[in-house]
Amino acid sequence: MKIAVGQGSCGIAAGAQKTYEILENRLDKAQNELCVTGCIGMCYLEPIVDVYDGGQLYRFVRVNETAAEKIADAVNSKDLSAAFEFKISEDDEQFLKKQTRIALRHCGVINPEKIEDYKNSDGYKALSKVLSSMTPEQVIEEIKISGLAGRGGAGFPAWFKWNAARQSEGEKKYLICNADEGDPGAFMDRAVIEGDPHNLIEGMLIGAYAIGASEAVVYVRAEYPLAIRRLKNAIEEARKNGIIGKNIMGSSFSCEMRIKAGAGAFVCGEETALIESLEGSRGMPRLKPPFPAQSGYWHKPSNINNVETFANVSWIILNGGAAFAAMGTENSKGTKVFALTGKIKRGGLVEIPMGKTLRDVIFDIGGGIKNDKEFKAVQMGGPSGGCIPAELLDTVIDYKALSATGAIMGSGGMVVMDSDTCMVEMARFFLDFTAKESCGKCVHCRLGTKRMLEILTRITEGRGSEEDIDLLEELCRTVKDGALCGLGQTAPNPVLTTLKYFRNEYEEHIKEGKCRAHECTALLKYEINPQMCKGCTMCAKKCPVNAISGTVKNPHVIDSGLCIKCGNCKSVCRFGAVEVK
Amino acid sequence: MNCNCEKNTDLSLLEPCLEKYAQVPGSLITILQNAQEIYGYLPVDVILHISRRTGVKVTKIMGVATFYSQFRLNPVGKYLIMLCQGTACHVNGSQQIEKTINEYLKIKDGETTEDGLFTLKNVACLGCCSLSPVMMINDETYGSLTPEKAVAILKELKKKAGEED
């Protein structure tokens, strides 16, 4: 039997390495093969162990140490049923069955550390086809037919950028992969690099051939050490196999590839800022035009796409652009990967054809809200995106339809929120992020985001005034108009969407001093219900500021003047007597 | 601010990296990353040395070193706690975890404990959103944190450090 342990970063964090070690020590290795695979995508069930018995796959989930021992014994005795208590439930199986995987097609299936595994799964066949039978123009045409749009957020047609770089004059051209996945709440690109690095390399080489680049660079964020390690290993293996370097696969096409580790700056997701960073400078965006296709890295024609975009390329070449375009809507073709997280039952990676609805993803695939609470909103597009409320759950996943809500498709982060999330605090959280990450070049972004953050902080602390909402709206417009790059132009989106759909929450904070989600501590009031209190004295003992008084077996009272709203009393009370208002 | 001009920094440790990259244009970030890997942070004399060897002005190096969140101008503790404050972690209670660490170790974001054991740093997103809230300590990721679990992890590390001494 073949046994694969899902070892993406999140699997490892959940304990997959320990699971692997136990299997390694206990399995009869003469009879069985143990290997590593990438992120299977069902992060909520990690660690996951897949056992292939002949053609049949048995998937075991939440494999802790005891489970790993039992599975190893079951494999050794050739009777898997002995470990079926850890088998995935039919309900959980639906999470993957309802997806259509193209960019993620090898993730969690093959061993990312072995080029043979990739080759055995039709790997590098697309590159071979391109080099032996297609002109660069034909490649660009095929991408055009597919309708593939940049998956990094802006959704610009990939073929158009490729063609512009192809048409640009100059001997030396660069192809750059943007793997600086800085959007908090998104991890699709990490999963692709960790789980299927050769797919990224193949997509990049096809892109390099199409635009005529002789050098390719992957800009990976430094927070992804495992992704960097696996990609480095994959590049070395590809080089040994004659896939990177001079005369690739015996053709006249030559291309070098290297990794550049980012140093932590969200603005470097903007392509001209990324180029500045590649050149060793502060990542501050350049004025466009000239576009990178004309003058990019070292002022040479350059093309930049993100990881997921490249991950679709080899599939498109092998299956034809038309097959890709057959999926999706009129404006948005193919599939999109989402990182589904937050207050969701089944969190993980979801790849679905465009045209499905948000409801399909969150409820049908994601299983709905944790603890069956009420769905409040989903945040898409991170700091550049917005919050989409419950009444728009039937919005179709399509670049235009999502933009119409005020949010954006973005790179694919989908953070689900329930009634415990305060929308004003959410807006403050994102502005705190953009204010810190603003590179400081444009006054509107540098100061505008700071002023917006101050106003939002004021409101969440109960010091807001009624004029604050108008002032916020005015600042939003100014920052949008006055900023040079995407970071500043989109920074107001989290504020604008929450003001659009959750204005009443802003007003409650300001006029009534109330936070309905009970998240803004400054607005909370802790009280003890005398009918429920048994006088056990537990709360008084745990209060760090001695704000609770009372005698044994008599109802206690909280002095709101002294209370620091730490919530200790509520968490220790066994009778539910402490109420938050 | 503490003065960190340690006079006895061994600059030769950086030599292999400088030999490879000093004359390659655009390598400043790579060199700084290597230097930080070696020294744990970027001491002033290392920055001056890099400037001399590469010909890049000190002001530019400082500009780059202060722009990117990865670079540190002061030493960090034995354990660097990177506490994720990404969206998913935020929604799932990372602020509560931060408060707990603040109280337990008596340090705030960016500070180091008096015994030099722990440094706390808030980071944007570690990409392990399904296990939120998450923290990474010296390349090891800990997920699904609760205030109790976070304290237990720190206690364990304190104990480990005590045994190593």
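What counts, and at which threshold
- Residues numbered from 1 in each chain as written.
- Chains lettered and ligands numbered in written order.
- Predicted model: local features only at pLDDT ≥ 70, side-chain atom pairs only at ≥ 80, totals over all residues.
- Domains from an automatic or database assignment.
- Contact = placed C-beta atoms within 7 Å.
- Helix = DSSP H or I, 4+ residues; strand = E, 2+ residues; numbered from the N terminus.
- Nonpolar A, V, L, I, M, F, W, Y, C, P; charged D, E, K, R; others polar.
- Buried ≥ 20, exposed ≤ 12 C-beta atoms within 10 Å, placed from the backbone.
- Arc of directions from axis to C-beta.
- Axes fitted to C-alpha atoms, helices over the stretch in contact; angles between N-to-C directions.
- Parallel < 35°, antiparallel > 145°, perpendicular 65-115°, else oblique.
- Core = buried A, V, L, I, M, F, W, Y, C linked by C-beta atoms within 7 Å.
- Pairing = 2+ DSSP bridges.
- Right-handed = clockwise from strand over helix to strand, strands pointing away.

1. A closer look at the domain arrangement of chain B
Along its sequence, chain B is carved into domain 1 (11-67) and domain 2 (79-164). Computed over C-alpha atoms, the centres of domain 1 of chain B and domain 2 of chain B are 29 Å apart.

2. Considerations on the interface of chain A and chain B
Counting residues at the interface gives 43 residues for chain A, matched by 32 residues for chain B. Looking at the side of chain A that touches chain B, the elements that each hand over two or more residues are α1 (9-13), α12 (271-278), β9 (335-342), β13 (413-418) and α17 (423-437) of chain A. Residues belonging to the side of chain A that touches chain B are distributed by class as follows: 21 nonpolar, 16 polar and six charged.

3. Topic: helix α4 (residues 58-67) of chain B
An α-helix turns once every 3.6 residues. As a result, residues three or four positions apart point the same way. Residue and element names in this part refer to chain B. Taken together, the buried positions of α4 are Ile61, Val64, Ala65 and Phe67. One side of α4 carries all its buried residues, which in axial view fall inside an arc of 165 degrees. In α4, the exposed positions that point more than 90 degrees away from the buried face belong to Thr59 and Thr66. Tucked into the core, α4 has its buried residues touching α2 (28-39) and α3 (44-54).

4. Re the domain arrangement of chain A
Residue and element names in this part refer to chain A. Taken domain by domain, chain A comprises domain 1 (2-93), domain 2 (115-324), domain 3 (335-418), domain 4 (423-512) and domain 5 (524-580). In this assembly, 10 residues from domain 2 lie in contact with eight residues from domain 4. Residue composition of the side of domain 2 that touches domain 4, grouped by class: eight nonpolar, one polar and one charged.

5. Points about the packing of helix α9 (residues 188-195) of chain A against helix α13 (residues 307-319) of chain A
Residue and element names in this part refer to chain A. Where α9 contacts α13, the axes come no closer than 9 Å and their chain directions differ by 50 degrees. Judged on the interaxial angle alone, α13 and α9 are oblique. Contacts between α9 and α13 involve Met188, Asp189, Val192 and Ile193 from the first element and Val307, Glu308 and Ala311 from the second.

6. Focus: the nonpolar core
All names here are of chain A. Judged by nonpolar contacts, the single largest core of 216 residues is most densely connected at Val192, Met204 and Ile206. Apart from residues lying up to four places away in sequence, Ile206 is in contact with Ala126, Leu127, Val130, Val139, Val313, Ser314 and Ile317. Residues Ile528, Cys533, Cys569 and Val578 belong to the second largest nonpolar core, which totals 13 residues.

7. So, the sheet that holds strand β7 (residues 256-261) of chain A
Each strand in a sheet pairs with its neighbour through backbone hydrogen bonds, running either in the same direction (parallel) or in the opposite one (antiparallel). Residue and element names in this part refer to chain A. The four strands lie next to each other as β7-β6-β5-β8, forming an open sheet whose pairing is parallel. Looking at strand neighbours, the two that pair on one side only are β7 and β8 (302-306), the edges of this open sheet. On average, each strand axis in the sheet is tilted by 20 degrees relative to the strand beside it, whichever way the strands run. Both strand β6 (residues 215-220) and β7 contribute to a ladder of six bridges, which runs parallel.

8. Some remarks on the pairing of β6 of chain A
Looking along a regular strand, one sees the side chains alternate between the two faces of the sheet. Residues and elements named next belong to chain A. Of all six residues that make up β6, five are buried, and the element is covered over most of its length. Examined bridge by bridge, strand β5 (residues 174-179) and β6 share six bridges and lie parallel to one another. Within the sheet, the bridge partner assigned to Ala179 lies in β6 and is Val220. With helix α11 (residues 225-240) bridging β6 and the parallel β7, this β-α-β connection has right-handed handedness.

9. What to know about unusual backbone geometry
Going from Glu46 of chain A to Pro47 of chain A, the amide bond is cis rather than trans, its omega being -10 degrees. Positionally, Pro47 of chain A belongs in the loop between β2 (33-37) and β3 (49-53). For the peptide bond that leads from Ser132 of chain B to Pro133 of chain B, omega is -5 degrees, which places it in the cis range. Looking at the element boundaries, Pro133 of chain B is found in the loop between β2 (118-123) and β3 (135-137). Located in the positive-phi region is Asp122 of chain A, a residue other than glycine, with phi close to 65 degrees. Positionally, Asp122 of chain A belongs in the loop between α5 (115-120) and α6 (125-133). On the basis of neighbour counts, which here come to 14 C-beta atoms within 10 Å, the residue Asp122 of chain A falls in the partly exposed class. Positive phi is not limited to glycine here, since His299 of chain A has a value of about 60 degrees. Tracing the chain through its elements places His299 of chain A in the loop between α12 and β8. With 13 C-beta atoms counted inside 10 Å, the residue His299 of chain A sits in the partly exposed group.

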